[in-house]
Amino acid sequence: MTSLSRRKFVAAAGVSAAVLWSGSPRRALAAETVRMGYIADFNGASLAAIATDQDLWSQQGLTPDLKVFTNGPIQIQALGAGSLDFGYIGPGALWLPASGRAKVISINTLGFSDRVIAQAGIKTIADLKGKKVGVPEGTSGDMLLRLALQKQGMTPDDVELVRMDPSTVVAAFASKQVDAAGIWYPLVDVIKDRVPDLNELAKNGDFYPALAFPSAFVARNEVADDLTKKVVAVLKKANDFRASNLDKAIEITSKFISIPADKLAVEAKNSKFLTTADLNAQTKDGTAAGWLTKMNEMFKDFGRVSSPLDPKDYFRADLYTSV
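### Points about empty space enclosed by the protein
Point 1. Counted under the stated rule, the structure contains two cavities of 30 Å³ or more.
Point 2. Here the largest cavity defines a volume of roughly 200 Å³.
Point 3. As for the largest cavity, its lining consists of 20 residues, and the residues nearest its centre are Asp41, Tyr88, Gly90, Pro91 and Ser140.
Point 4. Those elements that place two or more of their residues in the lining of the largest cavity are helix 5 (72-81) and strand 4 (103-111).
Point 5. Classifying every residue of the lining of the largest cavity gives six nonpolar, eleven polar and three charged.
Point 6. For the second largest cavity, the calculated volume is near 50 Å³.
Point 7. Forming the walls of the second largest cavity are Gly92, Gly138, Thr139, Asp142, Met143, Arg146, Phe299, Phe302 and Arg304.
Point 8. The residue makeup of the lining of the second largest cavity, split by class, is three nonpolar, three polar and three charged.

Structure (structure tokens):
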């Protein structure tokens, strides 16, 4: 090759490299994988579903590795084991980050979908005395049951608690193996299809506004802030899509988790969705921390955690509002 040819070759190679590098840095570099858990209901899956449908992950240079779980406590276990980076938990599992086992990175919704349900003929919480009650331990269904019993002057010792996962609660109630259950929509709706004459004995709304019931996204304690900020950015965009396009969000989530849209719509009606602007404001002014403080007091009363952390020690409010 002549000297002139070599110069042309080097110049051409340099131009090609410059063209390749001039694209978006996120396209030039390999995307970062983020392992996130979700629960297959509207509150637990909608933001992950929307982020996937609207391609919000790639905007932050992320590739999602999404894993479905039946409840929040199992996700906290996965975070602790290092097999998950982020997860979704309902209000009943918030005692776990309050125990230092994870960090809350974002409030999701205020939930009103939990119910204490009972077979026909059982019409009050007092009627549950001595009865078999199915409940997924450590979940919002468990929490509501304890609140309802406490309001009646009763304790879990006054009933026969049968601890089981959510899908087993559905089967056990439908087959009348349990007399009552602490469970949530859309599973309540699934049970109603099989047991239409069931009674709803208690709901979250019975305790609101003295108690709000926030669901939340959590992170493994060791996850770097840079990655957490990217995930929060995705959640914020997905949250605003959900808040302004609820019907479309239900449709997207229905396809994502293969649950009929009408079932998810019932759950959605039992939730309060806040815009990102609302969440930013309520995080900055301490309202969100106040919700968590109230939950801490309740979990302490129930013996879930003897000395819960102050929300400032497990709720990354500063990080959430900085994104």
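### Re unusual backbone geometry
Point 1. Between Tyr185 and the following residue, Pro186, the backbone shows a cis peptide bond with an omega angle of 10 degrees.
Point 2. Between Tyr208 and the following residue, Pro209, the backbone shows a cis peptide bond with an omega angle of 10 degrees.
Point 3. Within the element layout of this structure, Pro209 appears in the loop between strand 9 (199-203) and strand 10 (214-219).
Point 4. A positive phi angle, near 60 degrees, is found at Lys176, a position not held by glycine.

### Observations regarding the confidence of the model for the protein chain
Interpretation of this model should avoid reading the predicted coordinates in detail wherever pLDDT is low.
Point 1. In this model, the protein chain carries a mean pLDDT of 91, and residues with pLDDT of at least 70 account for 91%.
Point 2. Within the model, the stretch residues 1-28 combines pLDDT values under 50 with six contacts to residues more than four positions away or in other chains.

### Section: the pattern of salt bridges
Point 1. Summed over the entire model, instances satisfying the criterion amount to 19 salt bridges.
Point 2. Residues Asp189 and Lys263 are paired through a salt bridge, measuring 4.0 Å at the closest nitrogen-oxygen approach. Linking Asp189 in helix 8 (residues 187-194) with Lys263 in helix 11 (residues 261-269), this pair joins segments that are 74 residues apart in sequence.
Point 3. Close ionic contact of Lys312 with Asp313 constitutes a salt bridge, the shortest N to O distance being 3.4 Å.
Point 4. Under the relative-accessibility criterion, Lys312 is labelled exposed at 63%.
Point 5. The network of salt bridges with common partners includes Arg35, Asp85, Arg220 and Glu222.

### Focus on the layout of surface pockets
Point 1. Roughly 200 Å³ of internal volume is contained in the largest pocket.
Point 2. Of all the secondary-structure elements, those providing two or more residues to the lining of the largest pocket are strand 2 (62-69) and helix 7 (166-174).

### Section: helix 6 (residues 140-151)
Given 3.6 residues per helical turn, the α-helix brings residues three or four places apart onto the same face.
Point 1. For helix 6, which comprises twelve residues, the first-to-last C-alpha distance of 16 Å matches the rise-based estimate of 16 Å (1.5 Å per residue) to within 8%.
Point 2. Along helix 6, ten of the twelve residues are buried, which leaves the element largely enclosed by surrounding structure.
Point 3. For helix 6, every residue scored as buried is listed here: Ser140, Gly141, Asp142, Met143, Leu144, Leu145, Arg146, Leu147, Ala148 and Leu149.
Point 4. Its buried side turned inward, helix 6 meets strand 5 (114-118), strand 6 (132-135), strand 7 (160-163), strand 8 (180-184), strand 9 and helix 13 (287-301).
Point 5. Looking one or two places after helix 6, you find Gly153, whose phi comes out positive at around 80 degrees.

### A look at the packing of helix 3 (residues 42-53) against helix 10 (residues 246-257)
Point 1. Look at helix 3 against helix 10: their axes get within 8 Å of each other, and the N-to-C directions meet at 95 degrees. The pairing of helix 3 with helix 10 is recorded here as roughly perpendicular in orientation. Residue-level inspection shows Phe42, Ala45, Ser46, Ala49, Ile50, Thr52 and Asp53 of helix 3 in contact with helix 10, the latter providing Leu246, Ala249, Ile250, Ile252, Thr253, Phe256 and Ile257.
Point 2. Residue composition of the contact of helix 3 with helix 10, by class: ten nonpolar, three polar and one charged.

### Some details on helix 11
Point 1. Where helix 11 is concerned, the buried positions are Lys263, Leu264, Glu267 and Ala268. Along the axis of helix 11, the buried residues cluster in a sector spanning 140 degrees; they form a single face. With respect to the buried face of helix 11, the exposed residues turned more than 90 degrees away are Asp262 and Lys269.
Point 2. Those residues of helix 11 that are buried lie in contact with helix 3, helix 8, helix 10 and strand 11 (271-273).

### Considerations on the sheet that holds strand 6
Point 1. Read from one edge of the open sheet, five strands run 7-6-8-5-9, paired in mixed fashion. At either margin of the open sheet sits one strand with a lone partner, and together these are strand 7 and strand 9. On average, adjacent strands in this sheet sit at an angle of 25 degrees to one another, irrespective of strand direction.
Point 2. Alignment of strand 5 against strand 8, held across five bridges, turns out to be antiparallel. Its bridge partner lying in strand 8, Ala118 is registered against Ala180.
Point 3. Sitting on the sheet, helix 7 touches strand 5, strand 6 and strand 8, and the angle it makes with strand 8 is about 140 degrees.
Point 4. Taken strand by strand, helix 8 contacts strand 5, strand 8 and strand 9, and its axis lies near 135 degrees from that of strand 8.

Parameters and conventions
Residues numbered from 1 in each chain as written. Predicted model: local features only at pLDDT ≥ 70, side-chain atom pairs only at ≥ 80, totals over all residues. Heavy atoms only, no water. 1 Å grid on protein atoms, 1.4 Å probe; cavity = no way out; pocket = protein on both sides within 12 Å on 5 of 7 lines; lining within 4 Å. Points joined across faces, edges and corners; volume = space filled by probe spheres on them. Helix = DSSP H or I, 4+ residues; strand = E, 2+ residues; numbered from the N terminus. Nonpolar A, V, L, I, M, F, W, Y, C, P; charged D, E, K, R; others polar. pLDDT = per-residue confidence, 0-100. Contact = heavy atoms within 4.5 Å. Salt bridge = Lys/Arg side-chain N within 4 Å of Asp/Glu carboxyl O. Buried < 20%, exposed > 50% of the residue type's maximum accessible area, 1.4 Å probe, protein only. Expected span 1.5 Å × (residues − 1). Axes fitted to C-alpha atoms, helices over the stretch in contact; angles between N-to-C directions. Parallel < 35°, antiparallel > 145°, perpendicular 65-115°, else oblique. Arc of directions from axis to C-beta. Pairing = 2+ DSSP bridges.

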